[in-house]
Amino acid sequence: MRKDCHHSYLPEEKEAIFEEEFLPHIHSIYNFAYRITFNEDDAKDLVQETYLKAYRFIGSFQKGTNAKAWLFRILKNSFINEFRKKNKEPVKIDYQEVESFYNSEDVNQVITSDLRVEAIKEMIGDEVSIALNSLDMDFRTVIILCDLEGFTYEEMASILDIPIGTVRSRLHRARNLLRAKLRAYAGSMGYK
Amino acid sequence: MEEKKKKDKPCEDHEECIRVLNLIIDGEANEIEQNFFHTHIMDCMQCTHYYTVEQSIREAIKKKLTKKEAPEDLIQSVRSKLKESIKG
(Lines give C-alpha, C1' and ligand atoms only; values in the text may rest on other atoms or scores of the structure.)
Protein backbone atom coordinates (compact mmCIF):
# COMPACT_ATOMS: atom_id res chain seq x y z
CA MET A 1 0.00 0.00 0.00
CA ARG A 2 1.49 3.35 -0.96
CA LYS A 3 1.74 5.84 1.84
CA ASP A 4 2.78 8.83 -0.22
CA CYS A 5 -0.71 10.22 -0.72
CA HIS A 6 -3.08 9.90 2.16
CA HIS A 7 -6.66 11.11 1.96
CA SER A 8 -8.70 11.95 4.99
CA TYR A 9 -12.29 11.05 4.27
CA LEU A 10 -15.26 11.73 6.51
CA PRO A 11 -17.18 8.61 7.65
CA GLU A 12 -20.02 9.32 5.19
CA GLU A 13 -17.51 9.77 2.37
CA LYS A 14 -15.93 6.46 3.26
CA GLU A 15 -19.30 4.78 3.18
CA ALA A 16 -20.09 6.34 -0.18
CA ILE A 17 -16.76 5.20 -1.67
CA PHE A 18 -17.36 1.74 -0.31
CA GLU A 19 -20.89 1.50 -1.71
CA GLU A 20 -20.35 3.24 -5.03
CA GLU A 21 -16.80 2.36 -5.95
CA PHE A 22 -15.85 -0.84 -4.10
CA LEU A 23 -18.98 -2.95 -3.78
CA PRO A 24 -19.93 -2.88 -7.48
CA HIS A 25 -16.82 -5.03 -8.13
CA ILE A 26 -17.70 -7.71 -5.63
CA HIS A 27 -18.77 -10.24 -8.27
CA SER A 28 -15.50 -9.89 -10.18
CA ILE A 29 -13.54 -10.04 -6.95
CA TYR A 30 -15.39 -13.16 -5.84
CA ASN A 31 -14.98 -14.80 -9.23
CA PHE A 32 -11.24 -14.16 -9.18
CA ALA A 33 -10.98 -15.41 -5.58
CA TYR A 34 -12.82 -18.57 -6.56
CA ARG A 35 -10.63 -19.14 -9.58
CA ILE A 36 -7.47 -18.97 -7.52
CA THR A 37 -8.70 -20.96 -4.51
CA PHE A 38 -11.09 -23.42 -6.23
CA ASN A 39 -13.21 -23.36 -3.10
CA GLU A 40 -16.33 -21.31 -2.29
CA ASP A 41 -15.63 -20.90 1.43
CA ASP A 42 -12.04 -19.88 0.85
CA ALA A 43 -13.16 -17.47 -1.83
CA LYS A 44 -15.66 -15.91 0.59
CA ASP A 45 -12.96 -15.51 3.26
CA LEU A 46 -10.67 -13.91 0.76
CA VAL A 47 -13.35 -11.45 -0.36
CA GLN A 48 -14.14 -10.53 3.27
CA GLU A 49 -10.46 -9.99 3.93
CA THR A 50 -10.08 -7.87 0.79
CA TYR A 51 -12.98 -5.59 1.66
CA LEU A 52 -11.90 -5.22 5.27
CA LYS A 53 -8.44 -4.17 4.14
CA ALA A 54 -9.93 -1.89 1.50
CA TYR A 55 -11.79 -0.11 4.26
CA ARG A 56 -8.80 -0.03 6.59
CA PHE A 57 -6.58 1.49 3.91
CA ILE A 58 -9.22 3.64 2.27
CA GLY A 59 -7.06 6.68 2.94
CA SER A 60 -4.57 5.52 0.35
CA PHE A 61 -7.30 5.24 -2.29
CA GLN A 62 -7.94 8.32 -4.39
CA LYS A 63 -11.68 8.70 -4.89
CA GLY A 64 -12.77 8.25 -8.51
CA THR A 65 -9.68 6.34 -9.62
CA ASN A 66 -9.34 2.69 -10.61
CA ALA A 67 -11.05 0.95 -7.69
CA LYS A 68 -11.24 -2.39 -9.47
CA ALA A 69 -7.47 -2.66 -10.00
CA TRP A 70 -6.89 -1.40 -6.47
CA LEU A 71 -9.15 -4.11 -5.00
CA PHE A 72 -7.59 -6.83 -7.13
CA ARG A 73 -4.19 -5.77 -5.85
CA ILE A 74 -5.34 -6.08 -2.25
CA LEU A 75 -6.85 -9.46 -2.99
CA LYS A 76 -3.66 -10.71 -4.59
CA ASN A 77 -1.58 -9.53 -1.63
CA SER A 78 -3.99 -11.07 0.87
CA PHE A 79 -3.82 -14.35 -0.95
CA ILE A 80 -0.05 -14.41 -1.03
CA ASN A 81 0.63 -13.04 2.43
CA GLU A 82 -1.90 -14.76 4.58
CA PHE A 83 -4.19 -17.16 2.86
CA ARG A 84 -1.51 -19.19 1.16
CA LYS A 85 0.50 -19.55 4.37
CA LYS A 86 -2.52 -20.52 6.44
CA ASN A 87 -3.73 -23.09 4.03
CA LYS A 88 -0.35 -24.53 3.23
CA GLU A 89 -0.91 -24.74 -0.47
CA PRO A 90 0.67 -27.87 -1.90
CA VAL A 91 4.30 -27.34 -2.74
CA LYS A 92 4.51 -25.28 -5.88
CA ILE A 93 5.38 -27.43 -8.81
CA ASP A 94 8.57 -26.60 -10.55
CA TYR A 95 7.43 -25.35 -13.88
CA GLN A 96 10.89 -24.25 -14.81
CA GLU A 97 11.07 -27.30 -16.99
CA VAL A 98 7.79 -26.52 -18.66
CA GLU A 99 8.84 -22.92 -19.18
CA SER A 100 12.16 -23.82 -20.69
CA PHE A 101 10.39 -26.20 -23.01
CA TYR A 102 8.10 -23.44 -24.16
CA ASN A 103 11.02 -21.12 -24.66
CA SER A 104 12.91 -23.64 -26.69
CA GLU A 105 12.97 -24.16 -30.41
CA ASP A 106 10.52 -27.04 -30.15
CA VAL A 107 7.80 -24.64 -29.30
CA ASN A 108 7.40 -23.45 -32.85
CA GLN A 109 6.63 -26.91 -33.99
CA VAL A 110 4.18 -27.43 -31.17
CA ILE A 111 2.45 -24.12 -31.75
CA THR A 112 2.05 -24.49 -35.47
CA SER A 113 0.62 -27.97 -35.27
CA ASP A 114 -3.01 -27.74 -35.93
CA LEU A 115 -5.57 -26.55 -33.39
CA ARG A 116 -8.69 -25.78 -35.31
CA VAL A 117 -11.07 -22.92 -34.64
CA GLU A 118 -13.99 -25.34 -35.01
CA ALA A 119 -12.56 -27.52 -32.23
CA ILE A 120 -12.46 -24.56 -29.86
CA LYS A 121 -15.98 -23.54 -30.82
CA GLU A 122 -17.25 -27.04 -30.08
CA MET A 123 -15.70 -27.11 -26.63
CA ILE A 124 -17.92 -26.46 -23.66
CA GLY A 125 -17.13 -24.20 -20.72
CA ASP A 126 -16.00 -27.10 -18.53
CA GLU A 127 -13.38 -28.12 -21.02
CA VAL A 128 -11.99 -24.61 -21.31
CA SER A 129 -12.13 -24.34 -17.53
CA ILE A 130 -10.23 -27.59 -16.97
CA ALA A 131 -7.50 -26.47 -19.36
CA LEU A 132 -7.21 -23.10 -17.65
CA ASN A 133 -7.28 -24.57 -14.14
CA SER A 134 -4.51 -26.98 -14.99
CA LEU A 135 -2.11 -24.08 -15.54
CA ASP A 136 0.20 -23.01 -12.77
CA MET A 137 -1.24 -20.28 -10.57
CA ASP A 138 0.95 -17.48 -12.01
CA PHE A 139 0.02 -18.34 -15.57
CA ARG A 140 -3.65 -18.85 -14.77
CA THR A 141 -3.77 -15.50 -13.01
CA VAL A 142 -2.51 -13.43 -15.94
CA ILE A 143 -4.98 -15.04 -18.32
CA ILE A 144 -7.89 -14.41 -15.97
CA LEU A 145 -6.86 -10.81 -15.37
CA CYS A 146 -6.35 -10.07 -19.05
CA ASP A 147 -8.99 -12.09 -20.86
CA LEU A 148 -11.74 -12.46 -18.30
CA GLU A 149 -11.42 -9.16 -16.44
CA GLY A 150 -10.08 -7.03 -19.28
CA PHE A 151 -7.23 -5.41 -17.37
CA THR A 152 -4.52 -3.65 -19.38
CA TYR A 153 -0.89 -4.75 -19.10
CA GLU A 154 -0.17 -1.67 -17.01
CA GLU A 155 -2.97 -2.46 -14.58
CA MET A 156 -1.80 -6.06 -14.36
CA ALA A 157 1.74 -4.91 -13.60
CA SER A 158 0.39 -2.84 -10.74
CA ILE A 159 -1.90 -5.58 -9.41
CA LEU A 160 0.83 -8.21 -9.50
CA ASP A 161 3.74 -5.95 -8.54
CA ILE A 162 5.81 -7.01 -11.50
CA PRO A 163 7.35 -5.04 -14.38
CA ILE A 164 5.27 -4.69 -17.53
CA GLY A 165 7.84 -6.72 -19.47
CA THR A 166 7.23 -9.62 -17.10
CA VAL A 167 3.47 -9.29 -17.66
CA ARG A 168 4.09 -9.61 -21.40
CA SER A 169 6.37 -12.60 -21.17
CA ARG A 170 4.26 -14.37 -18.57
CA LEU A 171 1.14 -13.91 -20.67
CA HIS A 172 2.98 -15.13 -23.73
CA ARG A 173 4.04 -18.30 -21.94
CA ALA A 174 0.63 -18.75 -20.36
CA ARG A 175 -1.02 -18.57 -23.77
CA ASN A 176 1.38 -21.08 -25.26
CA LEU A 177 0.67 -23.45 -22.41
CA LEU A 178 -3.10 -23.00 -22.61
CA ARG A 179 -3.06 -23.48 -26.34
CA ALA A 180 -1.08 -26.70 -25.96
CA LYS A 181 -3.52 -27.94 -23.30
CA LEU A 182 -6.49 -27.16 -25.48
CA ARG A 183 -4.90 -28.84 -28.45
CA ALA A 184 -4.15 -31.97 -26.43
CA TYR A 185 -7.69 -31.90 -25.11
CA ALA A 186 -9.18 -31.43 -28.56
CA GLY A 187 -7.13 -34.38 -29.76
CA SER A 188 -8.22 -36.62 -26.90
CA MET A 189 -11.87 -35.68 -27.35
CA GLY A 190 -11.72 -36.43 -31.01
CA TYR A 191 -12.32 -32.86 -32.15
CA LYS A 192 -10.52 -33.07 -35.41
CA MET B 1 -0.88 -17.63 -58.21
CA GLU B 2 2.18 -15.62 -57.15
CA GLU B 3 0.10 -14.22 -54.29
CA LYS B 4 -0.99 -17.64 -53.12
CA LYS B 5 2.57 -18.95 -53.14
CA LYS B 6 3.66 -16.08 -50.93
CA LYS B 7 0.92 -16.74 -48.41
CA ASP B 8 1.65 -20.45 -48.12
CA LYS B 9 5.35 -20.01 -47.42
CA PRO B 10 6.32 -20.94 -43.84
CA CYS B 11 6.71 -17.84 -41.73
CA GLU B 12 10.30 -16.70 -41.39
CA ASP B 13 10.05 -15.39 -37.85
CA HIS B 14 6.93 -16.93 -36.43
CA GLU B 15 7.93 -16.51 -32.79
CA GLU B 16 8.18 -12.74 -33.26
CA CYS B 17 4.88 -12.74 -35.15
CA ILE B 18 3.19 -14.57 -32.29
CA ARG B 19 4.50 -11.98 -29.87
CA VAL B 20 3.08 -9.15 -31.99
CA LEU B 21 -0.21 -10.98 -32.62
CA ASN B 22 -0.81 -11.30 -28.92
CA LEU B 23 -0.18 -7.59 -28.41
CA ILE B 24 -2.59 -6.79 -31.24
CA ILE B 25 -5.35 -8.95 -29.80
CA ASP B 26 -4.79 -7.47 -26.34
CA GLY B 27 -4.91 -3.94 -27.76
CA GLU B 28 -1.38 -3.29 -26.51
CA ALA B 29 0.57 -3.02 -29.77
CA ASN B 30 2.46 0.17 -30.60
CA GLU B 31 2.47 1.81 -34.02
CA ILE B 32 5.45 -0.16 -35.35
CA GLU B 33 3.88 -3.42 -34.23
CA GLN B 34 0.56 -2.47 -35.79
CA ASN B 35 2.26 -1.72 -39.10
CA PHE B 36 4.10 -5.01 -38.95
CA PHE B 37 0.78 -6.73 -38.34
CA HIS B 38 -0.86 -5.12 -41.35
CA THR B 39 2.05 -5.54 -43.73
CA HIS B 40 3.18 -9.02 -42.84
CA ILE B 41 0.91 -11.01 -40.62
CA MET B 42 -2.35 -10.74 -42.48
CA ASP B 43 -0.50 -11.76 -45.60
CA CYS B 44 0.98 -14.91 -44.10
CA MET B 45 -1.16 -18.02 -43.91
CA GLN B 46 0.62 -19.48 -40.90
CA CYS B 47 0.23 -16.25 -38.95
CA THR B 48 -3.37 -15.74 -40.02
CA HIS B 49 -4.19 -19.22 -38.78
CA TYR B 50 -2.49 -18.55 -35.47
CA TYR B 51 -4.33 -15.26 -35.13
CA THR B 52 -7.74 -16.79 -35.80
CA VAL B 53 -7.22 -19.62 -33.34
CA GLU B 54 -5.87 -17.26 -30.69
CA GLN B 55 -8.89 -14.99 -31.07
CA SER B 56 -11.28 -17.87 -30.68
CA ILE B 57 -9.49 -19.05 -27.53
CA ARG B 58 -9.93 -15.54 -26.05
CA GLU B 59 -13.58 -15.61 -27.06
CA ALA B 60 -14.07 -19.06 -25.50
CA ILE B 61 -12.57 -17.81 -22.23
CA LYS B 62 -14.85 -14.76 -22.22
CA LYS B 63 -18.04 -16.50 -23.25
CA LYS B 64 -17.78 -20.06 -22.01
CA LEU B 65 -16.29 -19.71 -18.57
CA THR B 66 -19.00 -19.29 -16.01
CA LYS B 67 -18.55 -16.17 -13.96
CA LYS B 68 -19.20 -17.02 -10.34
CA GLU B 69 -21.41 -14.43 -8.71
CA ALA B 70 -20.80 -13.41 -5.11
CA PRO B 71 -23.50 -15.01 -2.92
CA GLU B 72 -26.00 -12.61 -1.36
CA ASP B 73 -25.02 -13.61 2.22
CA LEU B 74 -21.43 -12.62 1.47
CA ILE B 75 -22.46 -9.21 0.17
CA GLN B 76 -24.61 -8.67 3.27
CA SER B 77 -21.82 -9.76 5.56
CA VAL B 78 -19.30 -7.42 3.88
CA ARG B 79 -21.81 -4.57 4.26
CA SER B 80 -22.53 -5.24 7.91
CA LYS B 81 -18.83 -5.44 8.73
CA LEU B 82 -18.39 -2.08 7.06
CA LYS B 83 -21.15 -0.59 9.22
CA GLU B 84 -19.49 -2.01 12.36
CA SER B 85 -16.15 -0.51 11.32
CA ILE B 86 -17.70 2.88 10.70
CA LYS B 87 -19.41 2.87 14.09
CA GLY B 88 -16.31 1.60 15.88
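Structure first, text after, so check above.
What counts, and where the lines are drawn
- Residues numbered from 1 in each chain as written.
- Chains lettered and ligands numbered in written order.
- Predicted model: local features only at pLDDT ≥ 70, side-chain atom pairs only at ≥ 80, totals over all residues.
- Heavy atoms only, no water.
- Helix = DSSP H or I, 4+ residues; strand = E, 2+ residues; numbered from the N terminus.
- Contact = heavy atoms within 4.5 Å.
- Buried area = accessible area lost by both parts, 1.4 Å probe.
- Salt bridge = Lys/Arg side-chain N within 4 Å of Asp/Glu carboxyl O.
- Polar contact = N/O pair within 3.5 Å; in protein donor to acceptor, adjacent residues only side chain to side chain.
- Nonpolar A, V, L, I, M, F, W, Y, C, P; charged D, E, K, R; others polar.
- Core = buried A, V, L, I, M, F, W, Y, C linked by side-chain atoms within 4.5 Å.
- Buried < 20%, exposed > 50% of the residue type's maximum accessible area, 1.4 Å probe, protein only.
- Phe/Tyr/Trp six-rings, centres within 6.5 Å; stacked < 30°, edge-to-face > 60°.
- Lys NZ or Arg CZ within 6 Å of the ring centre and 35° of its normal.

Student: Even after reading the chapter, I still don't get the environment of Cys17(B), so can you show me in this structure?
Tutor: All names here are of chain B. Position of Cys 17 among the secondary structure elements: in helix 2 (residues 14–25). Considering only alpha carbons, one finds Cys 17 and Asn 35, 18 residues apart in sequence, at a separation of 12 Å. What Cys 17 contacts, discounting residues up to four positions off in sequence, is Cys 11, Phe 36, His 40, Ile 41 and Cys 47.

Student: What is the right way to read the interface of chain A and chain B from this model?
Tutor: Interface size is commonly expressed as the accessible area that is lost once the parts come together. Facing the 50 residues of chain A at the interface are 39 residues of chain B. Around 4100 Å² of area is buried between chain A and chain B when both sides are counted, 63% of it from carbon and sulfur atoms. The tally of links from chain A across to chain B stands at eight salt bridges. The closest approach of N and O atoms between Glu40(A) and Lys68(B), which form a salt bridge, is 2.9 Å. Across the chain A-chain B interface, the total number found is 18 residue pairs in polar contact (both at pLDDT 80 or more). Elements that contribute at least two residues to the side of chain A that touches chain B include exactly helix 1 (11–22), helix 2 (26–37), helix 3 (40–56), helix 6 (106–112), helix 7 (117–122), helix 8 (125–133), helix 9 (137–148) and helix 11 (164–188) of chain A. Considering every element that reaches the side of chain A that touches chain B, the biggest residue donor is helix 11 of chain A, with eight residues. Residue composition of the side of chain A that touches chain B, grouped by class: 26 nonpolar, eleven polar and 13 charged.

Student: How should the nonpolar core be read in this particular structure?
Tutor: Across soluble globular proteins, nonpolar side chains show a tendency to be buried alongside one another. Ranked by size, the top nonpolar core spans 82 residues in total, and within it Phe22(A), Tyr51(A), Met156(A) and Leu178(A) carry the most contacts. In contact with Leu178(A), other than residues within four places in its own chain, are Ala131(A), Leu132(A), Leu135(A), Ile143(A), Ile57(B) and Ile61(B).

Student: Any chance you could explain the packing of aromatic side chains here in plain terms?
Tutor: For any pair of aromatic rings, the description consists of the separation of the ring centres together with the inter-plane angle of the planes. Residues and elements named next belong to chain A. By the definition in use, this model includes nine aromatic pairs over all chains. Seen in terms of ring centroids, Phe 18 and Phe 22 are 5.8 Å apart; in terms of plane orientation they differ by 70°. Their pairing is edge-to-face. Placement of the pair is Phe 18 and Phe 22 together in helix 1, with a separation of four residues, close to one helical turn. Cluster of aromatic residues (ring-pair linked, three or more members): Phe 18, Phe 22, Tyr 51, Tyr 55, Phe 61 and Trp 70. A cation sits over an aromatic face here: Lys 68 above Phe 151, 5.0 Å from the ring centre.

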